[in-house]
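Below, each chain spelled out in residue letters.
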4 protein chains.
Amino acid sequence: MAVRIGLIGLGMIGRDHLQRFQKVIVNAKVTAVCDINSTVANSIAQDTNAKPYTNATDLVNSPDVDAIFICSIGEVHKDQILASIAVGKPVFCEKPLTPTASEAQEIINAETQHGSRLLQLGFMRRFDPGYLALKEQIDSRALGETLLMHMAHRNPSMPGHFTQEKLINDSATHEIDIIRFLLDEDIVSVRIDKPRKQTPRVPGGFHDPLIVIFETSSGVRVDDELFVNCNYGYDIRCEVIGENNTAELNEQALISTRTANGAGARIAQSCMERFAVAYGREVQNFVDNVFNRRPMSGPSSWDGYVVAVVCDAGLRSLEDGQKHDVVLPERPGLYR
Amino acid sequence: MAVRIGLIGLGMIGRDHLQRFQKVIVNAKVTAVCDINSTVANSIAQDTNAKPYTNATDLVNSPDVDAIFICSIGEVHKDQILASIAVGKPVFCEKPLTPTASEAQEIINAETQHGSRLLQLGFMRRFDPGYLALKEQIDSRALGETLLMHMAHRNPSMPGHFTQEKLINDSATHEIDIIRFLLDEDIVSVRIDKPRKQTPRVPGGFHDPLIVIFETSSGVRVDDELFVNCNYGYDIRCEVIGENNTAELNEQALISTRTANGAGARIAQSCMERFAVAYGREVQNFVDNVFNRRPMSGPSSWDGYVVAVVCDAGLRSLEDGQKHDVVLPERPGLYR
Amino acid sequence: MAVRIGLIGLGMIGRDHLQRFQKVIVNAKVTAVCDINSTVANSIAQDTNAKPYTNATDLVNSPDVDAIFICSIGEVHKDQILASIAVGKPVFCEKPLTPTASEAQEIINAETQHGSRLLQLGFMRRFDPGYLALKEQIDSRALGETLLMHMAHRNPSMPGHFTQEKLINDSATHEIDIIRFLLDEDIVSVRIDKPRKQTPRVPGGFHDPLIVIFETSSGVRVDDELFVNCNYGYDIRCEVIGENNTAELNEQALISTRTANGAGARIAQSCMERFAVAYGREVQNFVDNVFNRRPMSGPSSWDGYVVAVVCDAGLRSLEDGQKHDVVLPERPGLYR
Amino acid sequence: MAVRIGLIGLGMIGRDHLQRFQKVIVNAKVTAVCDINSTVANSIAQDTNAKPYTNATDLVNSPDVDAIFICSIGEVHKDQILASIAVGKPVFCEKPLTPTASEAQEIINAETQHGSRLLQLGFMRRFDPGYLALKEQIDSRALGETLLMHMAHRNPSMPGHFTQEKLINDSATHEIDIIRFLLDEDIVSVRIDKPRKQTPRVPGGFHDPLIVIFETSSGVRVDDELFVNCNYGYDIRCEVIGENNTAELNEQALISTRTANGAGARIAQSCMERFAVAYGREVQNFVDNVFNRRPMSGPSSWDGYVVAVVCDAGLRSLEDGQKHDVVLPERPGLYR
């Protein structure tokens, strides 16, 4: 029997996942949808033969829902996740896990008390074939020990509601998680540099681009260029420099053209386009675990907590430009 | 309710599709499997909770099967397809449709009599994102009128049972179909040239590589290098030259490396690897049509027939090295 | 003492070489210039402190000229070369050597009688670092035996005076020579195919593009796309397919850009741009031989003769579309 | 008349330039050579028909020498340059100008007193076609205002005598100069980070790689990865990120291959290989100015002085890891 999904939050990413469930995900169907806006909830419920909810807890508790899929705003994640854990239902949560590390800690406590992993966090890059190919190079020591990584995270333009903090809490979180994933070690310090600022399309108080410099426990240094108004495209770069060799993500344009303007190829314009395969695979991974009654795998509550702690250090560096250490408690046994 | 698939033929491609149904296809499940080897049929049936068959007609007629998926050898395609059409069940058939044009004609007759398209033929390249991007360039006239195409179809090595004829009937069929698809016009002549022959890894009587030259009704000239013992990889090239601009398929390596051997990137080693996305999409297209009770779309019996006629001309040219015209009957209304 | 060059023919290529002598060529200076248009000759002579001539023979015979550099039209090459040989002066001649094979034969006879090579022919591609790198791959057998080559020769637009024959006699000559150079063997047949024709920017009677198919003595098959109105750039392609591996010329753009139009890189717009290094090296090779009183090296009168014979076969195929054999006399000892 | 060059210092780079004068430089010849090792000086003098010297001042003062070309070690540059300026002879000096800023100041004083530029400094990258193409993008504002640059400077292995300081004083000097050249502004601060250290092929006390972070007067932030034991090749990267678009140096491999190891292309193995064209053009620029009796152009004594001041700040940061400001005196009128 297909897994019955209750989808909470019907904004852009929620609708994108809804389509994914309809078109590319095996062994699952969305049977309940929830949005605080009842018009939205009813309209989408009708289109999809799902049951509409405006109260997330009601959806979580519904007997017609096997697993919860959270696409709401970060501020309400904690309550929705705790409600899911309370009834022992598997839950997928879009990143960030929670806006603060202390809220994430509450989730870890609840999940630990439950005794097995119930949550997969939406860091889709861990499912991107390109990053996985890089990880294979690193894990096999084909490059020698990793010494450095250069990363860039560029968006053509930022959403209207974007804030300075979100450059860390929202954009950089992807690199924070993928650095830990690629290297299998923790980040021990963060420092943020402010280069010359983009002015034409950015409000006065906002500083874009930023350079975030991470150090990991073995001393690997990673620089991450965050540039969310780069104009030209959604461009994700990652170069890994080992003692002997290097490896980097390739462009993935399908075709190249030759015109009077020169040789050319398309650049992705959004994360949906760039990471379409990764989104599909992360959701299928969640469904497969539920379908086969296995504990959740992939990015965990602990990963969400650690990212929140690293972000806190980053936000302090955003203030004073200094290097800030990242101090983590011992990793609970559930997440080893 | 998921579409119940009866899968006929459990060789390499049959098993590959079986895995696809289990892992990436939405709204379908394989409920019956058939192989002339009963041990194979029983073993796979047991692993997949499907019902085993050794007689294809029995599977076709089973009330537990909504749609037929044919992965058997070409020689038995006709009977299996006609049986499916006789009971009005949708059928997916791996290419080639049939070994001869006259058999294909019988299928066209039966499907025409049925009155709507029941068959999708397994030319997966029509679902490859790269070819679709090329087609968009052609259809939009972004290149100007198309004048030429250069193609190559390279395999690292050929299967043990490969014959000279299969270089046309098996390998070239992909290009024959995709040329017609890309240009929306028919091929009017074929000529085969024999370059210097690969010797180290090829039996004496076998000539590899070949160059096949096609002309289409508007005069577009296409050269297709067939080289099934190229050693280094599975490499598919397509460059479209228009009056003003050109477009070509890109390499799709995920990462690039830099080592003491130079800059490097992986080359695909098989059609399964190169066309993984296309295979998934062609099968999903078939399932979506069955699920939604729509007539079949994608490559048709007519396309299979036309490819067989073009291959016949190719085989004659393989004999005498001359250009042979392709003469087609009028396209039946069902396939317009 | 610098070699004193007498430059005959002050059209586009003549002036281009004149600049080359002034800026990049070592151990030579142009001391005499000749053009049938006396105004041109006088004006350029004045700018360069050279002596002006309108009669080529006078320039050839001048005691102030050590070596002759011919950039005049092909129709007058024979007389100018024979005059140079008569006085034993080294001569560089832009390709084609002569419009007909029989004229080329006269030059061979004169040079043979002289007893050592006095002439270098202007097939600059032999000095292009890219082609030389391909030749290294071929000669070292790094690819295995060569089986096939795919070539393209594209110009953005053709000169006003271009004729159908010049697509062979002028454009294809470069590939004819470089095929022989790369493979170290002769071409034994030629066939020309006419694809769909470019119409927007080409006069009615002119057929562009053409595909020329060459076979060499060992059976290597080479297709050469000639497209002199391709609109987008000057684009030279060469892919060599061996039994085990392939090698091809790379794009040589200096930088790549990323803009809202996508990823991009410049395409060369003329042979002067694409082959700037090759032109410099061929001329320096000529000067070095003269300076060091060595016999001439590089493309020879014999190479010019052979290209003319291959072109004759090509012109016959342009008429009837059939394959025409290339029949060559024995290679004279001087050119072995 | 060709410029008569006196070449001082016959080590690796001196001999490389000597060959350049013989093979690719127009309007110059080396008439005198000097080395403290008389055997070397005599032997090379004999091979080249030049006059040997062991005392640099004697060579400088020789009436047979029009211009001085210094390839000796940095410690003796100052005296050799001052001697040249004293007799008013143009001088090309390999970088660095001098080991210390104060020595460079003496040269500036002497040249200023002389009243016109007599010196060109050997920062050859200013003559590299790739960097010049980047500069064109920057100067034309095609990218929008420049915000960031990412650079890397990788050598396969370091010379035996290399010291930690040379990573700044020798390697980073190239980037320091080219940043100023590309952006037409000065560097105002330097900071050095120490990533995880390469261990297999590096002596204990030596830290490689380093990351140097520069800020310019307008706030452009540049990170420069210095990695002189990277193993795989000589790899120079430069990406310029503007408000709207980016541009970066391309790989320049002549050909690409396809083998069982994948798609591949050569990576340069030394600065001589990577910057062959740039070396030729910088020397020709020097010779052209001397030949035409023009003041020197290209990188100046002032540029050498500024680089030394920036290096001093870098060396302080190498000690303490802090950001150090670069304080420059007013630029003398001669160098504006």
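Residues numbered from 1 in each chain as written. Chains lettered and ligands numbered in written order. Predicted model: local features only at pLDDT ≥ 70, side-chain atom pairs only at ≥ 80, totals over all residues. Heavy atoms only, no water.

- An unreviewed UniProt entry lists chain A under the name Inositol 2-dehydrogenase 3, with Passalora fulva as the source organism.
- Entered under Sequence similarities (unreviewed entry) in the UniProt record, the comment concerning chain A runs "Belongs to the Gfo/Idh/MocA family." (UniProt positions renumbered as here; feature names shortened; annotations may be inferred.)

Quick notes on the sheet that holds strand β3 (residues 51-53) of chain A
The strands making up a sheet associate through backbone hydrogen bonding, with each pair oriented either parallel or antiparallel.
Residue and element names in this part refer to chain A.
Stage number 1. Judged by pairing direction, the sheet is parallel, and its 6 strands sit side by side in the order β3-β2-β1-β4-β5-β6 without closing on themselves. Of all the strands in the sheet, just β3 and β6 (119-121) have a single pairing partner and so form its edges. Averaged over all neighbouring strand pairs, the angle between strand axes comes to 25°, with direction disregarded.
Stage number 2. Pairing of strand β5 (residues 91-93) with β6, which is carried by 3 bridges, proceeds in the parallel orientation. Each residue of the ladder has a partner; that of Cys93, found in β6, is Leu121. (Pairing = 2+ DSSP bridges. Helix = DSSP H or I, 4+ residues; strand = E, 2+ residues; numbered from the N terminus. Axes fitted to C-alpha atoms, helices over the stretch in contact; angles between N-to-C directions.)

Quick look at the interface of chain A and chain B
Stage number 1. Facing the 28 residues of chain A at the interface are 27 residues of chain B.
Stage number 2. Roughly 2100 Å² is buried in total at the junction of chain A and chain B, and carbon and sulfur atoms are behind 49% of that figure.
Stage number 3. Inspection of the region where chain A meets chain B yields 0 salt bridges.
Stage number 4. Counting every contact that joins chain A to chain B gives 14 residue pairs in polar contact (both at pLDDT 80 or more).
Stage number 5. Secondary structure elements with two or more residues in the side of chain A that touches chain B: α1 (12-23), α6 (129-139), β12 (246-249) and β13 (255-259) of chain A.
Stage number 6. Considered class by class, the residues forming the side of chain A that touches chain B number 12 nonpolar, 12 polar and 4 charged.
Stage number 7. Examined bridge by bridge, β12 of chain A and strand β13 (residues 255-259) of chain B share 4 bridges and lie antiparallel to one another. Each bridged residue has a counterpart across the sheet, and for Leu249 of chain A the counterpart in β13 of chain B is Ile255 of chain B. (Contact = heavy atoms within 4.5 Å. Buried area = accessible area lost by both parts, 1.4 Å probe. Salt bridge = Lys/Arg side-chain N within 4 Å of Asp/Glu carboxyl O. Polar contact = N/O pair within 3.5 Å; in protein donor to acceptor, adjacent residues only side chain to side chain. Nonpolar A, V, L, I, M, F, W, Y, C, P; charged D, E, K, R; others polar.)

What about the UniProt feature "domain: Gfo/Idh/MocA-like oxidoreductase N-terminal" (unreviewed entry) in chain A?
Stage number 1. Taking the numbering used here, the UniProt-annotated feature "domain: Gfo/Idh/MocA-like oxidoreductase N-terminal" (unreviewed entry) corresponds to residues 3-118 of chain A.
Stage number 2. Here residues 3-118 of chain A is 46% helix and 20% strand, with 15 Å between the C-alpha atoms at its ends.

Things to note about the relation of the copies chain A and chain B
Each copy of the chain is related to the other by a rotation around an axis and a translation along that axis.
Stage number 1. When chain A is fitted to chain B, the residual RMSD is 0.1 Å, and the transformation amounts to a turn of 180° plus an axial shift of 0.1 Å. Such a combination of turn and shift is consistent with a two-fold rotation axis. Residues of chain A ranked by C-alpha distance from the rotation axis are headed by Val26 of chain A, positioned 2.4 Å from it.
Stage number 2. In this assembly, 96% of the residues forming the interface of chain A have copies in chain B that are likewise at the interface, indicating an isologous arrangement. (Least-squares fit on C-alpha atoms with pLDDT ≥ 70 in both.)

Brief notes about empty space enclosed by the protein
Residues and elements named next belong to chain D.
Stage number 1. On inspection of all chains with the given rule, the structure shows 1 cavity of 30 Å³ or more.
Stage number 2. In terms of lining, the largest cavity is formed by Ile168, Ala172, Ile176, Val190, Ile192, Val212, Phe214, Val310, Cys311 and Gly314.
Stage number 3. Looking at the lining of the largest cavity residue by residue, the class counts come to 9 nonpolar, 1 polar and no charged. (1 Å grid on protein atoms, 1.4 Å probe; cavity = no way out; pocket = protein on both sides within 12 Å on 5 of 7 lines; lining within 4 Å. Points joined across faces, edges and corners; volume = space filled by probe spheres on them.)

Quick look at the pairing of strand β2 (residues 28-34) of chain B
All names here are of chain B.
Stage number 1. Taking burial as the measure, the 7 residues of β2 include 6 buried ones, the bulk of the element.
Stage number 2. By the bridge criterion, 3 bridges tie β2 to strand β3 (residues 51-53) in an arrangement that is parallel. Across the sheet, the residue bridging to Cys34 is Tyr53, located in β3.
Stage number 3. This β-α-β element, β2 to helix α2 (residues 38-48) to β3, shows right-handed connectivity. (Buried < 20%, exposed > 50% of the residue type's maximum accessible area, 1.4 Å probe, protein only. Right-handed = clockwise from strand over helix to strand, strands pointing away.)

Here we look at the packing of aromatic side chains
Stage number 1. In this structure the tally under the stated criterion is 27 aromatic pairs over all chains.
Stage number 2. For the pair Phe21 of chain B and Phe69 of chain B, a centre-to-centre distance of 5.1 Å together with 85° between the ring planes defines the contact as edge-to-face. Taken as a pair, Phe21 of chain B in helix α1 (residues 12-23) and Phe69 of chain B in strand β4 (residues 67-70) lie far apart in primary sequence, 48 residues in all.
Stage number 3. You can call Phe21 of chain B buried: its relative accessible area is 4%.
Stage number 4. By relative accessible area, which is 0% here, Phe69 of chain B ends up buried.
Stage number 5. Ring plane angle 35° and centroid distance 5.3 Å describe the contact between Trp302 of chain D and Tyr305 of chain D, whose orientation is recorded as tilted. Taken together, the residues span about one helical turn, with Trp302 of chain D and Tyr305 of chain D both in helix α10 (residues 301-320) at a distance of 3 residues. Here Trp302 of chain D matches Tyr305 of chain D in class, with each residue buried.
Stage number 6. The rings of Phe21, Phe69, Phe92 and Phe286 of chain A are connected pair by pair, giving a single aromatic cluster.
Stage number 7. Its end group placed over the ring of Phe275 of chain B, Arg274 of chain B keeps NZ or CZ at 4.4 Å from the ring centre.
Stage number 8. Over the ring of Phe181 of chain D we find Lys135 of chain D; its NZ or CZ atom is 5.0 Å from the centre of that ring. (Phe/Tyr/Trp six-rings, centres within 6.5 Å; stacked < 30°, edge-to-face > 60°. Lys NZ or Arg CZ within 6 Å of the ring centre and 35° of its normal.)

Section: the UniProt feature "domain: GFO/IDH/MocA-like oxidoreductase" (unreviewed entry) in chain A
Stage number 1. Look at the UniProt record and you will see "domain: GFO/IDH/MocA-like oxidoreductase" (unreviewed entry) annotated at residues 131-247 of chain A.
Stage number 2. A distance of 10 Å separates the end C-alpha atoms of residues 131-247 of chain A, which is 25% helix and 34% strand.

A short note on the side chain of Arg258 of chain A
Stage number 1. For Arg258 of chain A, the position within the fold is in strand β13.
Stage number 2. Exposure remark for Arg258 of chain A: the relative accessible area of 4% places this residue in the buried category.
Stage number 3. Dropping the residues within four chain positions of it, Arg258 of chain A is found in contact with Ala263 of chain A, Asn245, Thr246 and Glu248 of chain B together with Tyr232, Asp235, Arg237, Glu251 and Ile267 of chain C.

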